[in-house]
Amino acid sequence: MSIRKFSTLRELEEYWDNDLDLTDDDDPGGTIDIVELPPDRADDVSDLEDIDDNILEDTIPNDVPGSLEIHGGRCNEEVTVQRKKKPKKEKPISRWKRERASFNISSQEKKSASNGRMTMIERVKYKRPVEIFEMFFTDDLVNHIVQQSVSYATQNNRHQFTLSSDCFKKFLGFLLLTGYHSLPQEQMYWSEEEDIDIGIVRKCMSKNRYIEIKRNLHFSDNTNIPLINGNKDRLFKIRPILDELNKAFMQFGVFSYNICIDEQMVRYYGHHFLKQFIRGKPIRFGFKQWAMCCGVTGYCYNADIYEGKPSRISEEDNLEGDTYGLGVSVILNKIATIDKPEEHCFYFDNFFTSFDLLKI
C-alpha cells in the first residue's frame, strides 16, 4: 500500500475530483484510509485563542491544523492537479477615428442668446451699483441672516443682542470697504490717527457694536441640521446663502451662447477641513469651487464649493456622474441647471475632458 500526503483539504478535493482510482490492483475492493496528522509544531502551546467568546454557534473549520495522508493502492502515481484560474476582466478598447469636425450652429440659437443678453442690459441699464448689488443680495436674504443671528445669540444666552436689517447693511458695507481699503489690523479702522483716520467707519458703527455683530453672525439653525441621503451636509452653515445666490445669478436666464465651466480658488489661510492646496496655482490655499460662467463677460451663472466626495447629491440628481469620475460629474450637474443646454456651447479644459464624457 502506498501513501500520498496533502497539506490542505483543497488539495485533497482537487485530487479526488480527477476521478483517480485509489484502490490497489491486487485488492480492488480494499479500503482507503485518510489519516490526519498533527501539525509539525504541535508542542508550541499558547494561552491566546483565536476565538470570539460572544459567538456561541458551532463553526466548521475551513482546514485541518496539520496535514493529511491517503493510504491506497495507486497514490504513488504522479498526478498533476490543475488549479482553476480566475478569468481576466477584459478592458474596454477605445478606438478613435479621424474625421473632419463639423459645427452646425444655427442662427436661431445665437439669436435667442443675444435676446437674453439685451433683456438683462435693459433691466440694469439705469440702476446704480448699490441697486444692482441689492438685486443679488436681496432683502429676503438680509432678513434671513438677521433672524438666524438673533436666534443664535439667544441659544447662547445672549438675550440682550438685537439686530435690524439697516444695522446689518452697515455691517455688510464695512466688510465691502475692507475689501479695497485694507489696514494691518481690524482695530485701526476706528483709529483717530491722522495717517489712518477713516471717519466714515466711526460715524457708521462703533467698534464694540461691530465685534458684537461679528460674534453672533449666523446663516443657518444649528439645531436643525439637514440630512441628505443619511449624511450631514458639510456646508450646512452657509448653504442658505449659496442657494439664494445661485438663484439670484439665474434671474436673468442664460444670456450667452458660449459657456465656460472651470474651477476657482477662494483664498483662505485659516484652519478648515475643506481647505485645498493646489501646487503651482496663483492662489494655492483656499476653498475650491466649480463655476459656470459666461464665455464673453465672465458673468457667473452657478457656483458650488467643492466638499470632497459628494454626499448631498441624490442618485436621481447625480446623472451617473460618480460612475465616470469627478470631472464628468461636475460637467453633467452644471449642464443640468440650464433649461435648454442644446442651445449653448460649453467649454472646459482637460481636467474635465474624458472619453466617457464625449460618448454621452
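The structure under discussion appears in the preceding block.
Residues numbered from 1 in each chain as written. Predicted model: local features only at pLDDT ≥ 70, side-chain atom pairs only at ≥ 80, totals over all residues. Heavy atoms only, no water.

(A) Quick peek at the side chain of Asp 233. Tracing the sequence through the fold places Asp 233 in the loop between strand 5 (231-232) and helix 8 (239-249). Asp 233 gets classed as buried once you look at its relative accessible area, which sits at 3%. A polar contact is formed between the side chain of Asp 233 and the side chain of Arg 239, at a distance of 2.8 Å. (Helix = DSSP H or I, 4+ residues; strand = E, 2+ residues; numbered from the N terminus. Buried < 20%, exposed > 50% of the residue type's maximum accessible area, 1.4 Å probe, protein only. Polar contact = N/O pair within 3.5 Å; in protein donor to acceptor, adjacent residues only side chain to side chain.)

(B) Looking closely at the environment of Phe 219. Examined against the element boundaries, Phe 219 turns out to sit in the loop between helix 7 (207-216) and strand 4 (227-228). Among the residues examined, Phe 219 registers a relative accessible area of 24% and is labelled partly exposed. As for Phe 219 and His 144, which are separated by 75 residues in sequence, their C-alpha atoms are 7.4 Å apart. Not counting chain neighbours up to four residues away, the residues in contact with Phe 219 comprise His 144, Ile 145, Gln 148, Lys 237, Ile 238, Pro 240 and Ile 241. (Contact = heavy atoms within 4.5 Å.)

(C) The arrangement of the environment of Ile 241 in detail. Structurally, the position occupied by Ile 241 is in helix 8. Residues Ile 241 and Leu 141 lie 100 residues apart in sequence; the distance between their C-alpha atoms is 7.5 Å. When sequence neighbours within four positions are dropped, the list of residues in contact with Ile 241 reads Leu 141, Ile 145 and Phe 219.

(D) A look at the nonpolar core. With 29 residues, the main nonpolar core has Phe 136, Phe 252, Met 292, Tyr 299 and Tyr 301 as its most contacted residues. In terms of residues, this core owes the most to one element, strand 8 (residues 285-294), which gives five residues. Contacts of Met 292, omitting those with residues within four sequence positions, involve Ile 259, Cys 260, Ile 261, Tyr 299, Cys 300, Tyr 301, Asn 302, Lys 334, Thr 337, Ile 338 and Phe 346. Judged by nonpolar contacts, the second largest core, of 23 residues, contains Phe 137, Phe 171, Leu 172 and Ile 198. (Core = buried A, V, L, I, M, F, W, Y, C linked by side-chain atoms within 4.5 Å.)

(E) Local environment of helix 10 (residues 326-335). Within helix 10, eight of the ten residues are buried, which leaves it mostly tucked inside the rest of the structure. Those residues of helix 10 that sit buried are Gly 327, Val 328, Ser 329, Val 330, Ile 331, Leu 332, Asn 333 and Lys 334.

(F) Structural detail: the pattern of salt bridges. Evaluation of the coordinates by the stated rule reveals ten salt bridges. Arg 209 is paired through a salt bridge with Glu 212; the nearest N and O atoms lie 3.2 Å apart. Here Arg 209 and its partner Glu 212 are both found in helix 7, three residues apart, which amounts to about one turn of the helix. Of the charged contacts, one joins Lys 288 and Glu 263 as a salt bridge, the two residues approaching to 3.8 Å between their closest N and O atoms. Placement of the pair is Lys 288 in strand 8 and Glu 263 in strand 6 (residues 258-267), with a sequence separation of 25 residues. Through salt bridges with shared partners, one network takes in Asp 233, Arg 239 and Glu 307. (Salt bridge = Lys/Arg side-chain N within 4 Å of Asp/Glu carboxyl O.)

(G) Fine view of the packing of helix 5 (residues 165-180) against helix 7. Running from amino to carboxyl end, helix 5 crosses helix 7 at an angle of 95°, the nearest separation of the two axes being 11 Å. On the basis of the axis angle, helix 5 is roughly perpendicular to helix 7. Facing Cys 167, Phe 171, Phe 174 and Leu 175 of helix 5, the residues of helix 7 in contact are Arg 209, Tyr 210, Ile 213 and Lys 214. Grouping the constituent residues of the contact of helix 5 with helix 7 by class yields six nonpolar, no polar and two charged. (Axes fitted to C-alpha atoms, helices over the stretch in contact; angles between N-to-C directions. Parallel < 35°, antiparallel > 145°, perpendicular 65-115°, else oblique. Nonpolar A, V, L, I, M, F, W, Y, C, P; charged D, E, K, R; others polar.)

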